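# A structural walkthrough
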Protein chains: 2
Amino acid sequence: MSDVIALHPHPGKNRGVTADLALDQINKQIIEHLQRDGRMSYATLAKEIGLSEAAVRQRVQRLLDGGLMQIVAVTDPLTLGFARQAMVGLKVNGDLRQIADELAAVPEVDYVVICAGGFDLLVELVCTDDEHLLDLLNEKVRPIKGVTSCETFMYLKLAKQTYAWGTR
Amino acid sequence: MSDVIALHPHPGKNRGVTADLALDQINKQIIEHLQRDGRMSYATLAKEIGLSEAAVRQRVQRLLDGGLMQIVAVTDPLTLGFARQAMVGLKVNGDLRQIADELAAVPEVDYVVICAGGFDLLVELVCTDDEHLLDLLNEKVRPIKGVTSCETFMYLKLAKQTYAWGTR
DNA sequence: CTGACTCCTGCGTTTATCGCAGAGTTGATC
DNA sequence: GATCAACTCTGCGATAAACGCAGGAGTCAG
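Here goes a summary of the coordinates provided. None of these values were measured; they are calculated from a predicted model.

### Quick look at the nonpolar core
Judged by nonpolar contacts, the single largest core of 41 residues is most densely connected at A:Ile30, A:Leu34, B:Ile30 and B:Leu34. Elements with a minimum of two residues in this core: α1 (25-36), α2 (42-49), α3 (53-65) and β1 (69-75) of chain A together with α1 (25-36), α2 (42-49), α3 (53-65) and β1 (69-75) of chain B. Those residues in contact with B:Leu34, other than ones at most four positions away along the chain, are A:Arg39, A:Val72, A:Ala73, B:Met40, B:Leu45, B:Val60, B:Met69 and B:Ile71. In this structure, B:Val88, B:Leu90, B:Ile114 and B:Val123 belong to the second largest nonpolar core, which totals 23 residues.

### Quick word on the protein's contact with DNA strand D
Taken together, 15 residues are adjacent to DNA strand D, and A:Ser52, A:Arg59, B:Tyr42, B:Ala43 and B:Arg57 come closest. Within 4 Å of the protein, the contacting atoms of DNA strand D are 75% sugar and phosphate, with bases supplying the remainder. For DNA strand D, a phosphate oxygen lies 3.0 Å from a polar atom in the backbone of B:Ala43. Within the residue set of the surface near DNA strand D, elements represented by two or more residues are α3 of chain A together with α2 and α3 of chain B.

### Topic: the relation of the copies chain A and chain B
After a rotation of 180° and a shift along the axis of 0.0 Å, chain A superposes on chain B with an RMSD of 0.1 Å. On this basis, the relationship between the two copies can be described by a two-fold rotation axis. Same-surface contact between copies: 100% of interface residues of chain A are shared with the interface of chain B.

### Notes on the protein's contact with DNA strand C
The local shell around DNA strand C holds 15 residues, among which A:Tyr42, A:Ala43, A:Arg57, B:Ser52 and B:Arg59 are the closest. Per the 4 Å cut-off to the protein, sugar and phosphate atoms form 74% of the nearby atoms of DNA strand C. Taking A:Tyr42, its main chain carries an N or O atom lying 3.0 Å from a phosphate oxygen of DNA strand C. Within the contact set of DNA strand C, a phosphate oxygen lies 2.7 Å away from a side-chain nitrogen or oxygen of B:Arg59. Only α2 and α3 of chain A together with α3 of chain B provide two or more residues apiece to the surface near DNA strand C. Element by element, the count of residues in the surface near DNA strand C is highest for α3(B), at five residues. Split by residue class, the surface near DNA strand C holds six nonpolar, three polar and six charged.

Each value, and the rule that gives it
- The written sequence of each chain sets the order in which its residues are numbered from 1.
- Going through the entries in the order they are written, you letter the chains from A and number the ligands from 1.
- Reporting in this predicted model follows two pLDDT cut-offs: at least 70 for local features of residues, and 80 or more for side-chain atom pairs to be given and counted; totals over whole chains, interfaces and linings ignore these cut-offs and use all residues.
- Values reported for side chains reflect all heavy atoms of the structure, with hydrogen atoms and water molecules removed beforehand.
- Nonpolar core, defined: a set of buried Ala, Val, Leu, Ile, Met, Phe, Trp, Tyr and Cys residues in which side-chain atoms within 4.5 Å join the residues together.
- Think of it in three bands: with a 1.4 Å probe and only protein chains considered, a residue is buried below 20% of the maximum accessible area for its type, exposed above 50%, and partly exposed in between.
- We count a stretch as a helix when DSSP gives it H or I for four or more residues in a row; a strand needs E for two or more, and each element gets its number in order from the N terminus.
- Any two residues whose heavy atoms approach within 4.5 Å at even a single point are treated as in contact.
- Consider each residue's heavy atoms; a residue with any of them within 4 Å of a molecule or strand counts as near.
- Counting of polar contacts relies on pairs of N or O atoms within 3.5 Å, with two restrictions inside protein: one atom must be capable of donating a hydrogen and the other of accepting it, and residues adjacent in sequence are counted only when both atoms are side-chain atoms.
- Copies overlap after least-squares fitting; the atoms used are the C-alpha atoms of residues with pLDDT of at least 70 in both.
- Each residue receives one of three labels: charged for Asp, Glu, Lys and Arg, nonpolar for Ala, Val, Leu, Ile, Met, Phe, Trp, Tyr, Cys and Pro, and polar for the others, Gly being one of them.

Written out as structure tokens, the structure is:
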């Protein structure tokens, strides 16, 4: 496959910087493989990359512990009984970060991004039905202080959903 | 945690329906656990759910093979060197599904959803930089036949990203 | 009742994971 | 330039998990 790059990527390079978690070429390779199959064994991962099994295990563990990567099961919410999903575009006044955090605290909110353009915030909601969606919008989203406008885009069909962007 | 429900969910119930992949309570429990930790061992998963290890392994394999669930590593693209992410809201004329498929074929597009509201399609782009984003919009998105309007929301900060909605 | 089907269990074999001690490098300090 | 601490890798034995398969039990159609 692709060439293995530096077997010894400057050991001891990242001292001082405590929890820095360098994303060297090896870690990127690890992530790329796990983006395709999150359950790949450390052993085969090690063979593919050209490192010992223990070293790969160590690196994966560090990536997970550091919150830089997580390995999870993903599904189409529609197949799990969440009949109603929606993206909400918000315009707000005040502290963007704080409002984003408030929204992030809502369990039914699975995605919050601060952005530039016609909306200040984009928020994805996962609901069981229309009633649930209405409740959320009415009780949890619109009442947030600083929210001046709220436009809802109800999902009709999820056409693509990928997590393997690779790395650069 | 939650009570274990029916140990024997009507064996042999889903005959006839060839590749149906029933989402019974057990499968939902499996998904819920793997949404939290995709690398959980079949053994502990089996103990938590109250089935044999082999049965759980069989079910997980079927969920994966059937494309109903995938276990992958997820990361914040920004930490992986993708400095520029954006959501694009499109208004289109013509066949929504076909246009959605065309967009889905673009590698840099990781999310396409057909929706109701001010936009017909929401598309998420993962780019290395502004140049890349400009290229994409100019060469791959706007030229698509039927696209009448295109509004871009550049990501400034990802505030939340979850894949564990649980199940209903 | 019989047969086909599905799903589960139990168990032996193979494979992977875990934990730890030791070697090699690097950068800072003296 | 020698020493030391910090980091990462390797190798290996003990433990644990995954795999494959044969057998049992339930369900449904004829």
